[in-house]
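Report on the structure
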Amino acid sequence: MKAFITSLLLIFTYQFSCAQAWETVAYLTGNYEIQQLEVVSENTIYVAAKNEKLIRWDGVQWSNIGDFDPLYVPFFQYNSADDIYATHNDYLSGDGETTFNYIAHWDGNAWSNAGELNADKPIGAFKIFNSNEMYAIGNFKLPGYNWKPIATYNGNDWEVLGLGDPNAGAYATYGNLWVNNAHDIYATSGYSDSGTISIKHWNGTNWTVLYGDESINRLSNTQPVSINEVYSFGYQESNGHSCIALWDGEVWQPLGDIRGDLDLSSTGYNGRINYKYVNQDEIYAVGSALKGAESFTYKVAKWNGNNWEELGNLNANKEATSIDIYNGYLYIAGDFTEIAPMGGLVTVIKRYFIDSFFITATSNPVEGGTVSGTGVFSGGETATLTAIPENGYQFVNWTVGETEVSNQTIYDFEVESDRELTANFELSSFSITTSSNPVDGGITSGNGVYNFGETATLTATTSGPYTFENWTHNGEIVSTDSVYEFVVDAERELVANFQIELSIPDFEINKVIVFPNPVENILSLKISQSSIIEVQIFDLLGKLVVHVPGNNTNSITIDTHNLENGSYILKAYSSSGSHSVGIIKN
């Protein structure tokens, strides 16, 4: 492995006035073409470059990322300092001849093989969402499939995305892959009937090729805004000139006349163009095609919505091939060089203030709600973000990192820098309250605070002589079961209703006759075809107030003159079983 790269002087002067000039950000240690550039912060830049492979600038010096040392310059995806993915190739079983290709993952401590793709040909590009959702494209093929696919990993196996669809594979992929989600993917298609290579779109079910009049060929480097606004790099069929092409939902057409607008040299008519989309009126481009006709130096171009114009006077001695935007600045790198302060012609990274700041926002959790108001703003403009909770969720706050910046659903602020905000939501909670009717009839349980979507289980337990009748909400019966379950979606006040059976006047229940009822003093009890063993009378709280031994006959009298007026439960035990009946004392 390469030793820690010698520390260099950082050329990174913060310009409070944000002057309109190209400034050098950092020097590499030699003349090594940078093929990919990722600006993470003012003092943190990752690049993939020839010889150096994958290195990081920390504002003072360059360093390697662990022991990463593939055979070729990698393509990489930066998520965080301890979550980086990069293409890697190595010799199979160490034989020194047969190479295999895979996606390597850096966890902050070590590199590992993510997904075990282990392809026999190079991987051109990929998109990683997590260890169970990966997408890759390149010159490789999957076993049993004769075309070059978009390969998708589900946590266990790599598969052809859209296997069985005639447009699933391609003859050439150009390493072109753009994945928004599992239902919105763009890649380079196979040949059409007329021999042109276009762009295809995956909607989660099938592939659709974006064919129009086919005036643009060999399309790649796709950056979609919507299905009816897709940008790609390609070549005009009429003259072979390279261009940025726009799909408007019906046809591909060149975006302006970049060669005429910038007075480019004819020697670079079919050179490559890399670009960065900001909005319809702001697209930046670099590449070997942007060579001046007179100066023979390389330019950076900007699309302003009407035509292409040169951005500053870069006048690079070689082409810029990599491009990124961070915190109001356009960063570029490539094969162009400058003399370093310590001597020597080395590759450099430069930037230009474009006054475009990206305001992005996400929902946490994703299903908790949506956000609006994000976009690209100039410094000093006011951004207005709105958080809209989904049903069952409520808004908590806006945060930047771990810091709360607002607890209002509508958040206004003056734009001064790029900002990544999070709208935090939580499940709505609701109070479920219960009561007994009458209070002496029984008790209830299961009341409390529940989150939206949880299941509440309420239980009514009778007391003394009462029986459960039903649960009601706002006077309407919602259940006749003593155990009532329901999904919570709002606050609810439920009543458990109990009842006691009282007989007026004399009545018979289960062959038991009591009279008179109501009673003033002496109550007669008769149980047909049974011998009375014992008689008990309880008040409505379940307290025993009268006890009379049986007489082994089917009738007995009970003195109630000491009882207070009210309702009672008489319980008689006989040779035929136990019997309960309600009585009223007057």
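Everything below is about the structure shown above.
All values derive from a computational prediction rather than experimental measurement. (Residues numbered from 1 in each chain as written. Predicted model: local features only at pLDDT ≥ 70, side-chain atom pairs only at ≥ 80, totals over all residues. Heavy atoms only, no water.)

Where strands meet in a sheet, backbone hydrogen bonds hold them as pairs that are either parallel or antiparallel. In spatial order, the strands read S34-S32-S39-S36-S37; together these five strands make up an open sheet with mixed pairing. With partners counted over all chains shown, the strands left at the sheet margins are strand S34 (375-377) and strand S37 (403-406), one partner each. On average, each strand axis in the sheet is inclined to that of its neighbour by 35°, with strand direction left out of account. Two elements, strand S32 (residues 357-364) and S34, share three bridges in a ladder whose sense is antiparallel. Residue pairing across strands places Phe-358 opposite Val-376, the latter belonging to S34. (Pairing = 2+ DSSP bridges. Helix = DSSP H or I, 4+ residues; strand = E, 2+ residues; numbered from the N terminus. Axes fitted to C-alpha atoms, helices over the stretch in contact; angles between N-to-C directions.)

Tallied over the entire structure, the rule returns seven salt bridges. Measuring nitrogen to oxygen at the nearest pair gives 3.3 Å for the salt bridge that ties Glu-33 to Lys-50. In this pair, Glu-33 sits in the loop between strand S1 (23-27) and strand S2 (34-41) while Lys-50 sits in the loop between strand S3 (44-49) and strand S4 (53-57), placing the two residues 17 residues apart along the sequence. Glu-33 sits in the buried class, given a relative accessible area of 15%. (Salt bridge = Lys/Arg side-chain N within 4 Å of Asp/Glu carboxyl O. Buried < 20%, exposed > 50% of the residue type's maximum accessible area, 1.4 Å probe, protein only.)

In total, this model carries 23 aromatic pairs according to the counting rule given. Geometrically, the ring pair formed by Phe-129 and Tyr-135 is edge-to-face, given 6.1 Å between the ring centres and 90° between the ring planes. You can call Tyr-135 buried: its relative accessible area is 4%. Between Tyr-231 and Tyr-277, the aromatic rings sit 5.1 Å apart at their centres with planes inclined by 40°, giving tilted as the arrangement. Note that Tyr-231 is positioned in strand S21 (residues 229-236) and Tyr-277 in strand S24 (residues 274-279), a separation of 46 residues in sequence. Each member of the pair, Tyr-231 as well as Tyr-277, is classed as buried. Through successive ring pairs, a cluster of aromatic residues spans Tyr-329, Tyr-331, Phe-353 and Phe-357. Across from the ring centre of Phe-413, 4.5 Å away, lies the NZ or CZ of Arg-419, which sits over that ring. Positioned above the aromatic ring of Phe-486, the side-chain terminus of Arg-492 is 4.5 Å from the ring centre. (Phe/Tyr/Trp six-rings, centres within 6.5 Å; stacked < 30°, edge-to-face > 60°. Lys NZ or Arg CZ within 6 Å of the ring centre and 35° of its normal.)

This part takes up the pairing of strand S25 (residues 282-286). Among the five residues in S25, five count as buried, and that is most of the element. Here S25 shows no split at all, with Glu-282, Tyr-284 and Val-286 on one side and Ile-283 and Ala-285 on the other all buried. Here S24 pairs with S25 via five bridges, running antiparallel. Counterpart to Tyr-275 in the pairing with S25 is Ala-285. The turn joining S24 and S25, which pair antiparallel and follow one another in sequence, is formed by two residues. As defined by bridge partners, S25 adjoins strand S26 (residues 301-303) across three bridges and the pair is classed as antiparallel.

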